[in-house]
Number of protein chains: 2
Amino acid sequence: MAIKSILNLNPPSGFRDFNADTIHKRNFIINIIKNQFELCGFEPLETPALEYTDILTGKYGPEGDKLIFRVLDSGNPFEHLKPESWQDISTPESLLSLKNRLAEKSLRYDLTIPLARYVAHNINKLVLPFKRYQIQPVWRGDSPQKGRYREFMQCDADIIGSASLHHDAELVLLYANVFEILKIPVTIKINHRGFLEYFLNYCKTQSPNVEAHFNLTKFCNVIDKADKIGWQKVSQELVALGFDSSMVARLEAFMNLPQYHFLQNIIISIDTLKQFFGDETDSSHLEPTDNHSYHNIVNQSFYTDFSELHNYFNLSGLSAKKPFEYCKIVWDFGLARGLNYYSGIVMEVVVDNEVCKTKYDTQIKMGSIGGGGRYDNLTAMFGVPNLNGIGISFGLDRIYDVMDALKLFENIPTKHQSKVIFFNLGEVGFNKSFELVHVLRKLGYPCELFPTQQKLDKQFKYAESLEYHFACFIGENEISKNEMIIKNLRTREQQIISLETQANFVEAFKHFINKN
Amino acid sequence: MAIKSILNLNPPSGFRDFNADTIHKRNFIINIIKNQFELCGFEPLETPALEYTDILTGKYGPEGDKLIFRVLDSGNPFEHLKPESWQDISTPESLLSLKNRLAEKSLRYDLTIPLARYVAHNINKLVLPFKRYQIQPVWRGDSPQKGRYREFMQCDADIIGSASLHHDAELVLLYANVFEILKIPVTIKINHRGFLEYFLNYCKTQSPNVEAHFNLTKFCNVIDKADKIGWQKVSQELVALGFDSSMVARLEAFMNLPQYHFLQNIIISIDTLKQFFGDETDSSHLEPTDNHSYHNIVNQSFYTDFSELHNYFNLSGLSAKKPFEYCKIVWDFGLARGLNYYSGIVMEVVVDNEVCKTKYDTQIKMGSIGGGGRYDNLTAMFGVPNLNGIGISFGLDRIYDVMDALKLFENIPTKHQSKVIFFNLGEVGFNKSFELVHVLRKLGYPCELFPTQQKLDKQFKYAESLEYHFACFIGENEISKNEMIIKNLRTREQQIISLETQANFVEAFKHFINKN
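Colleague: Could you clarify how one ought to interpret the overall build of chain A in this entry?
Modeller: When its secondary structure is counted, chain A shows 22 helices and 16 strands. Taking 24 Å as the expected radius of gyration for a compact globule of 516 residues, we find that chain A reaches 30 Å, considerably beyond that expectation. Over its C-alpha atoms, taken along the principal directions, chain A stretches across nearly 100 × 70 × 45 Å. Burial analysis of chain A (516 residues in total) assigns 58% to the buried set. In the form shown here, chain A has an accessible surface area of approximately 21600 Å², with 48% of it arising from carbon and sulfur atoms.

Okay, here's the thing in structure tokens:
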């Protein structure tokens, strides 16, 4: 026993226990998200915690691969390994390779790859478009810090098998509706990777030193770091990669085009592009080549997407003066999103600290609390090419932390409306109480019986800490008169109820509960 | 791509994907169990998927230890291992030891040990008795077979810190209520390990060859196998362990005392014991020693428990002629339950095939679908001794399989009451539909828009397969008249709704939905 008691009883670092109070608050958020998913016609899907390691590796970039939790094979996983392979862990690659050979299965890292695997596996059974939502935990071996856990809940909604831009619009609206209900001030940033790709190609024509295989994914990975390390370092990195420095300056200017309320006036965004790409007069400091003028841009498919999205936003009433109290929807040409698989519209939700300050007199330091985008070829890696897809994700744990910091849980509905506790005043009364508890539970009232005849103040303390609303008392005195006392623990009001007949007891009990 | 497409896209063996239909049915069961838990005053708890391996090992017996899924440490888990330890995997023990050193964390194997860890960790914060329920998946590396999965959902309710027998009674009633609502015919078997312990000691006094350290746990492990391998083999094993063969015969007779409806008459059970232990005349074939007569038994604490439980059952109305339609509660002196930590009352729920035959004209081959018992010293292993506990568990996945086999899902409420789909009849109508979809979603109607202008029969097929209840049509004709057609897809009834004003549209829409 001595050894046992020195065990570490904390959950592992980055993992958490959730008590009733926290679960209640988490479920409050989850139910709002789930309800919005269902209103939009999404159907639930659940995939297993473990996937074959092969399915997961190579999908999240080299850094992501390292963070996948691998599960040691049952039986003897070492049996088929030669001693040499055990020795060879000299490089990160050989180490990962050894780990993979010992672990056929791994914990899911997100909900997108399992979805792609599910869709590819069931492609002949599914009716497209397949709109699914999935609310399940995912696991990553990241170093834990504020807002970053090793086990956290993702709430994803995806549409597979439809290229229609109205889905892109409905997902942005879904984001807005959820945060509006939660009363979290947010900025929903939108961009189209086409703009970035266009710009990358433009830069590359002007920068002969950039390697040909430097593609959009790598480009996005670099510029996505701007938020963390600043533009100066990103610029240096790009120049080191061979980009012409004037092109890098131009890129920076493009990425930092002012964000603005997206829909209040579509003209603004189009004007901005026109100006930037030199169709209008005011662009003297940036020298566009003919190939990359505004007129060229409007013929690109990403520009059609851009305009179509505007159309859907207008139709859904977003062009009203102030469609939301808590949400701002902005176009941000600087938004890249690091993930490999995005191909069209990308979006990201961040806390709007300006509004937080005004409304709640506080500010929050927190990364993005949601993100998503269009990935038009995700299932190709599982043998099913040419399937359009788009999805968004809510980061439940960060949303929770934000709501906690903004004290937004203070106004949510209480956990229990009418929980009843029978106090223990000795054996005779206890037996009667036990009998009544079962009558009341059958009628749907959550109730409980204090198990031992402890001092009343201790029983009161118990009832208070578990938020019981009503207490019932049956002591010897009550037994002799065939009655009980019921008390509202919040208002202190109390009443005597006769136990002569069960029907009368139930009647009087309901009456007391309902009026309180 | 060629390599990728030969990936195995099945979930790993023993793991499953759940589609919307299955999730709906699983949630139907979960919600009923959860509701009963909450009626009895249990509060939710969630613990992480991963626990420190140290916390889990040594709790489930040597077989259980092998089935724990260990998670390879992040970084380089091999770094601190000497090459020798890698070589030494010659015995099952050294293999497990190596695995444990590579895996600080493991997937939870049940919900009971995490509960014990949580209680020990938070003992100073918790108000006792602590009534918690927990509904989460657990993972075991067992070989998959019918009714046995590697990822399965447990639904547990436990009471920590109370010795009162009324909890034992309330948990039996909770079982009965759940299966009554689900309409699954079951037998809830109850026993008290005290009877077995008493009998073991009795046998040991008569069997000098039995080793002194052959304790109740080992004894229960042996006799628990009777269901699977038959009494004859269990008898042989006990004789091989040194038990006197006449004692073994007597044990068998005891274990096979007739099961009977527990509460219909408490006298039966007491009479049975009296007869068996020779207090009455009719026990000539069994020669009790003085020490183990009925009079001796009634002085034992387990006998007090036994009587007290009878008392609570009587109080809760269980002594009525036929308190349940689907559940039988029986006392079964042969019930052992294999788990190490049980100390008092044990219980187990099995499908009652006799009633299945009568009511559903079918029979089910399935192990226990629920089980539990009293474990009065569970947290001692984590340094907190002398804490009483009792708990039960529902095996969701087996309950699901049973309900599926009995076709009990046919009568549960449908997934969606009033899902609406707008068919796609071309761009102009689509834009109008998109606008209306957002109006209706705001009002709380789940609705959807078919994304492409496919042939109508294809759109009908889609609506049917996703169980849409209503369809709306806005074609060019409708646009020109500023109206739409709404149709009930089940009754085929349809109506024209004017789109002149939004208020009128909403009014007419609601009217049509409500009357259908």
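Next, the rest of the story.
Colleague: Sorry if this is basic, but what is going on with the interface of chain A and chain B here?
Modeller: Listed as interface residues are 106 residues of chain A and, on the opposing side, 106 residues of chain B. One can count eight salt bridges joining chain A with chain B. Between Glu170(B) and Arg441(A) there is a salt bridge, with the nearest N and O atoms lying 2.8 Å from each other. Taken together, chain A and chain B are joined by 31 residue pairs in polar contact (both at pLDDT 80 or more). Of all the elements, helix H19 (residues 427-442) of chain A adds the most residues to the side of chain A that touches chain B, at seven residues. Classifying every residue of the side of chain A that touches chain B gives 56 nonpolar, 26 polar and 24 charged.

Colleague: What should I look at first to understand the packing of aromatic side chains in this one?
Modeller: Remark: the centre distance and the inter-plane angle together describe each pair of aromatic rings, the angle taken between the planes. All names here are of chain A. Scanning all chains against the criterion turns up 66 aromatic pairs over all chains. Measuring from centroid to centroid gives 4.2 Å for Tyr-60 and Tyr-109, while their planes differ by 35°, and the two rings are tilted. Placement of Tyr-60 in the loop between helix H3 (53-56) and helix H4 (61-67) and of Tyr-109 in the loop between strand S4 (105-107) and helix H7 (112-121) is noted, with a sequence separation of 49 residues between them. Accessibility assignment for this pair places Tyr-60 and Tyr-109 in one class, buried. Between Phe-423 and Phe-460 the ring centres are 5.0 Å apart and the planes differ by 80°, which places this aromatic pair in the edge-to-face class.

Colleague: Got a minute to help me understand the sheet that holds strand S8 (residues 327-331) of chain B in this structure?
Modeller: Note: strands within a sheet are paired through backbone hydrogen bonds, in either parallel or antiparallel orientation. All names here are of chain B. What the eight strands build is an open sheet, ordered S1-S5-S6-S11-S10-S9-S7-S8; its pairing is mixed. The two strands at the open ends of the sheet, each matched to only one other strand, are strand S1 (43-44) and S8. Its contacts with the sheet place helix H15 (residues 301-315) against strand S7 (186-192), S8 and strand S9 (345-351), and it is angled at close to 145° to S7.

Colleague: What should I look at first to understand the relation of the copies chain A and chain B in this one?
Modeller: What relates the pair of chain copies is a rotation about an axis plus a shift along that axis. Expressed as a screw transformation, the operator carrying chain A onto chain B has a rotation angle of 180° and an axial translation of 0.0 Å, and the superposed copies differ by an RMSD of 0.1 Å. Within this description, the copies of the chain are treated as partners about a two-fold rotation axis. When C-alpha distances to the rotation axis are compared across chain A, the minimum falls at Val71(A), with a value of 2.2 Å. A share of 100% of the interface residues of chain A reappears at the interface of chain B, consistent with the copies meeting face to face through the same patch.

Colleague: What should I look at first to understand the pairing of strand S6 (residues 151-160) of chain B in this one?
Modeller: Residue and element names in this part refer to chain B. Burial analysis of S6 places ten of its ten residues in the buried class, which makes it a mostly covered element. Because side chains alternate across S6, one face comprises the buried residues Glu-151, Met-153, Cys-155, Ala-157 and Ile-159, and the other comprises Phe-152, Gln-154, Asp-156, Asp-158 and Ile-160, equally buried. Here strand S5 (residues 130-139) runs beside S6; their pairing, made up of ten bridges, is antiparallel. Residue pairing across strands places Val-138 opposite Phe-152, the latter belonging to S6. Two elements, S6 and strand S11 (residues 389-395), share seven bridges in a ladder whose sense is antiparallel. Across the sheet, the residue bridging to Ala-157 is Ile-392, located in S11.

Colleague: Teacher, can you tell me more about the nonpolar core here?
Modeller: The tendency in soluble globular proteins is for nonpolar side chains to be buried side by side. Residues Phe179(A), Phe394(A) and Met484(B) are the most contacted members of the largest nonpolar core, which totals 114 residues. No other element matches the eleven residues that helix H8 (residues 165-182) of chain A contributes to this core. Leu182(B), Ile184(B), Cys203(B) and Ile390(B) belong to the second-largest nonpolar core, a separate cluster that totals 113 residues.

Colleague: Where do I start with the pattern of salt bridges in this structure?
Modeller: Taken as a whole and judged by the stated rule, the model has 50 salt bridges over all chains. Across the pair Asp352(A) and Lys328(A) runs a salt bridge, and its minimum N-O distance is 2.9 Å. One end of the pair, Asp352(A), is in the loop between strand S9 (345-351) and helix H17 (353-360); the other, Lys328(A), is in strand S8 (residues 327-331), with 24 residues separating them in the sequence. By relative accessible area, Lys328(A) is classed as buried at 18%. The shortest N-O distance in the salt bridge between Arg441(B) and Glu448(B) comes to 3.9 Å. Taken as a pair, Arg441(B) and Glu448(B) share a single burial class, namely buried. Members of the salt-bridge network, linked through shared partners, are Lys131(A), Glu170(A), Arg441(B) and Glu448(B).

Colleague: Would you mind going over unusual backbone geometry with me for this structure?
Modeller: A negative phi holds for most residues other than glycine; trans holds for most peptide bonds. In the segment running from Leu128(A) into Pro129(A), the intervening peptide bond is cis, with an omega of 0°. Among the secondary structure elements, Pro129(A) is positioned in the loop between H7 and strand S5 (130-139). Positive phi outside glycine occurs at Glu467(B), with the angle close to 55°. What makes Glu467(B) partly exposed here is its relative accessible area of 33%. With a phi close to 70°, Arg492(B) is a non-glycine residue in the positive phi region. Tracing the backbone shows Arg492(B) in the loop between strand S15 (483-488) and strand S16 (494-498). Residue Arg492(B) is classed as exposed on the basis of its relative accessible area, which comes to 54%.

Colleague: Whenever I open this one, the side chain of Asn488(A) confuses me. Can you help?
Modeller: Residues and elements named next belong to chain A. Along the chain, Asn-488 turns up in strand S15 (residues 483-488). With relative accessibility at 1%, the residue Asn-488 sits in the buried group. A polar contact is formed between the side chain of Asn-488 and the backbone nitrogen of Arg-490, at a distance of 2.8 Å. Setting aside its immediate chain neighbours within four residues, Asn-488 contacts His-469, Phe-470, Glu-493, Phe-512 and Asn-516.

Colleague: In this structure, what is going on with helix H7 (residues 165-182) of chain B? I would like to understand it.
Modeller: Because the α-helix completes a turn every 3.6 residues, residues three or four places apart line up on one side. Its 18 residues place the ends of H7(B) 26 Å apart at the C-alpha level, agreeing with the 26 Å of an ideal helix rising 1.5 Å per residue. Positive phi appears at Lys183(B), one or two residues downstream of H7(B), with a value of about 65°.

Calculation rules
Residues numbered from 1 in each chain as written. Chains lettered and ligands numbered in written order. Predicted model: local features only at pLDDT ≥ 70, side-chain atom pairs only at ≥ 80, totals over all residues. Heavy atoms only, no water. Helix = DSSP H or I, 4+ residues; strand = E, 2+ residues; numbered from the N terminus. Rg over C-alpha atoms; globule rule 2.2 N^0.38 Å. Buried < 20%, exposed > 50% of the residue type's maximum accessible area, 1.4 Å probe, protein only. Areas by Shrake-Rupley, 256 points an atom, 1.4 Å probe, with all protein chains shown as cover. Contact = heavy atoms within 4.5 Å. Salt bridge = Lys/Arg side-chain N within 4 Å of Asp/Glu carboxyl O. Polar contact = N/O pair within 3.5 Å; in protein donor to acceptor, adjacent residues only side chain to side chain. Nonpolar A, V, L, I, M, F, W, Y, C, P; charged D, E, K, R; others polar. Phe/Tyr/Trp six-rings, centres within 6.5 Å; stacked < 30°, edge-to-face > 60°. Pairing = 2+ DSSP bridges. Axes fitted to C-alpha atoms, helices over the stretch in contact; angles between N-to-C directions. Least-squares fit on C-alpha atoms with pLDDT ≥ 70 in both. Core = buried A, V, L, I, M, F, W, Y, C linked by side-chain atoms within 4.5 Å. Expected span 1.5 Å × (residues − 1).

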